[in-house]
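Structure at a glance
Each chain, letter by letter, is given below.
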Amino acid sequence: MFPTLPVFSEGRHTAEFLKSEANGYRSRGNIVIAAGAGILKAGTILGLIAAGAITSAANAGNTGNGTVSAVTGGANVQSGAYAVEFTSATAFRVVDPDGNEIGLGKVGTAFSNEVAFTITAGGTAFVVNDGFTITVAPGSQKYAPVKPAATDGSAVAAAVLYHRADATLIDVDAAAIQRDAEVYGSRLTYDATVTTPTQVAAIGGQLAKVGIILR
């Protein structure tokens, strides 16, 4: 009889996912992967932890005495101050830290975009120019596997890990493809929370925005 031979599974090789990149090292960057990410394969899709704690406060001089609650970050949350500006007693607009309007909302209805919250009316109605300030502290600027439900900015794909890395217990320095490259989509690694074709397509679109094209 022939002896039973061990079975070996070959892992993902460094840069195996890479089809082409820009000259020199333009496509690559040095990053830090946040502790707790686990053991990651080459080709893991990463997002930037861009946002930290989120706080809210009514603007000084408000006429209305309603409150804001359930304040969280959305997928594209930025660090800085978001302005909630009332345009009537029950309607408001939200402006991001760069001064761009990101949506309109109504009192009593949950607002959800880069930031999410609900404003509840008080005994005194709001008036035009009342408002709230929602402040998002800077994130760690480290990277983590993209999880669609993340609220710290890492839900948005921003890079692809160049090589295997073990960030189970500590932060780890690593190299990543961050721009101007073509990658094999079938050789990328998604977090286990990415479970639908819609999520995969969204991540592909996010990578395309930074110049990483799936083939």
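For the structure, see preceding data.
This section reports on the structure supplied with the text. (Residues numbered from 1 in each chain as written. Predicted model: local features only at pLDDT ≥ 70, side-chain atom pairs only at ≥ 80, totals over all residues. Heavy atoms only, no water.)

Positionally, glutamate 114 belongs in the loop between strand 10 (111–112) and strand 11 (115–120). One buried charged residue, glutamate 114, remains without a salt bridge, the closest side chain of opposite sign being lysine 209 at 9.8 Å. Within the structure, glutamate 114 has its side chain in polar contact with the side chain of glutamine 78 (distance 3.0 Å). Contact partners of glutamate 114, with chain neighbours within four places excluded, come to Gly73, Gly74, Asn76, Val77, Gln78, Tyr82, Asp96 and Ile102. (Helix = DSSP H or I, 4+ residues; strand = E, 2+ residues; numbered from the N terminus. Buried < 20%, exposed > 50% of the residue type's maximum accessible area, 1.4 Å probe, protein only. Lys, Arg positive; Asp, Glu negative; His and termini not counted. Salt bridge = Lys/Arg side-chain N within 4 Å of Asp/Glu carboxyl O. Polar contact = N/O pair within 3.5 Å; in protein donor to acceptor, adjacent residues only side chain to side chain. Contact = heavy atoms within 4.5 Å.)

Moving on: the nonpolar core. Of all hydrophobic cores here, the largest spans 18 residues; its most connected members are Tyr82, Val84, Phe92, Val94, Val115, Phe117 and Ile119. Within the residue set of this core, elements represented by two or more residues are strand 7 (80–86), strand 8 (91–95), strand 11 and strand 12 (131–138). The contacts of valine 94, once residues within four sequence positions are left out, are Tyr82, Ala83, Val84, Asn100, Glu101, Ile102, Gly103, Phe111, Val115 and Phe117. With 17 residues, the next largest nonpolar core counts Val160, Ala181, Val183 and Val194 among its residues. (Core = buried A, V, L, I, M, F, W, Y, C linked by side-chain atoms within 4.5 Å.)

Attention shifts here to the sheet that holds strand 5 (residues 51–58). Sheet architecture is open: 5 strands sit in the order 5-12-7-8-9, paired in antiparallel fashion. Every other strand in the sheet has two partners, leaving strand 5 and strand 9 (101–106) as the edge strands with one partner each. With direction set aside, neighbouring strand axes in the sheet form an average angle of 20°. (Pairing = 2+ DSSP bridges. Axes fitted to C-alpha atoms, helices over the stretch in contact; angles between N-to-C directions.)

Time to look at the pairing of strand 8. As judged from the 4 bridges shared by strand 7 and strand 8, these two strands associate in the antiparallel manner. Paired with valine 84 across the strands is valine 94, a residue of strand 8. If you look at the hairpin formed by strand 7 and strand 8, you'll find 4 residues sitting between the two strands. Sheet topology places strand 8 next to strand 9; 5 bridges connect them, and they run antiparallel. From the neighbouring strand, alanine 91 faces strand 9, where its bridge partner is lysine 106.

Bringing the sheet that holds strand 17 (residues 181–183) into the picture now. Here 3 strands make up an open sheet; going across it, the order is 1-17-18 and the pairing mixed. Among the strands making up the open sheet, the edge pair consists of strand 1 (18–21) and strand 18 (212–214). Along the sheet, successive strands turn relative to each other by an average axial angle of 20°, direction set aside. Where strand 17 lies against strand 18, 3 bridges are found, and the strand directions are parallel. By the bridge assignment, alanine 181 is partnered in strand 18 with isoleucine 212.

Summarising the element assignment, threonine 44 is placed in the loop between strand 3 (38–40) and strand 4 (45–48). A distance of 2.7 Å separates a polar side-chain atom of threonine 44 from the backbone oxygen of lysine 41.

Let us look at helix 1 (residues 197–209). Along its 13 residues, helix 1 runs 19 Å from first to last C-alpha, staying within 8% of the 18 Å computed at 1.5 Å per residue. Looking at helix 1, one finds that the buried residues are Ile203, Gly204 and Leu207. Angular distribution of buried residues about the axis of helix 1 spans 105°; they occupy a single face of the element. Residues of helix 1 that are exposed and angled more than 90 degrees away from the buried face: Thr198, Ala201 and Lys209. (Expected span 1.5 Å × (residues − 1). Arc of directions from axis to C-beta.)

Now for the pairing of strand 12. Sheet topology note: the strand 5/strand 12 ladder contains 6 bridges and is antiparallel. Counted as the bridge partner of serine 56 is isoleucine 134 from strand 12. Where strand 7 lies against strand 12, 6 bridges are found, and the strand directions are antiparallel. By the bridge assignment for strand 12, glycine 80 is matched with valine 136.

Turning next to the environment of alanine 22. As for its placement among the helices and strands, alanine 22 is situated in the loop between strand 1 and strand 2 (28–33). Taking the C-alpha atoms as reference points, alanine 22 and threonine 189, 167 residues apart in sequence, are found 22 Å from one another. The contacts of alanine 22, once residues within four sequence positions are left out, are Ser27 and Asp180.

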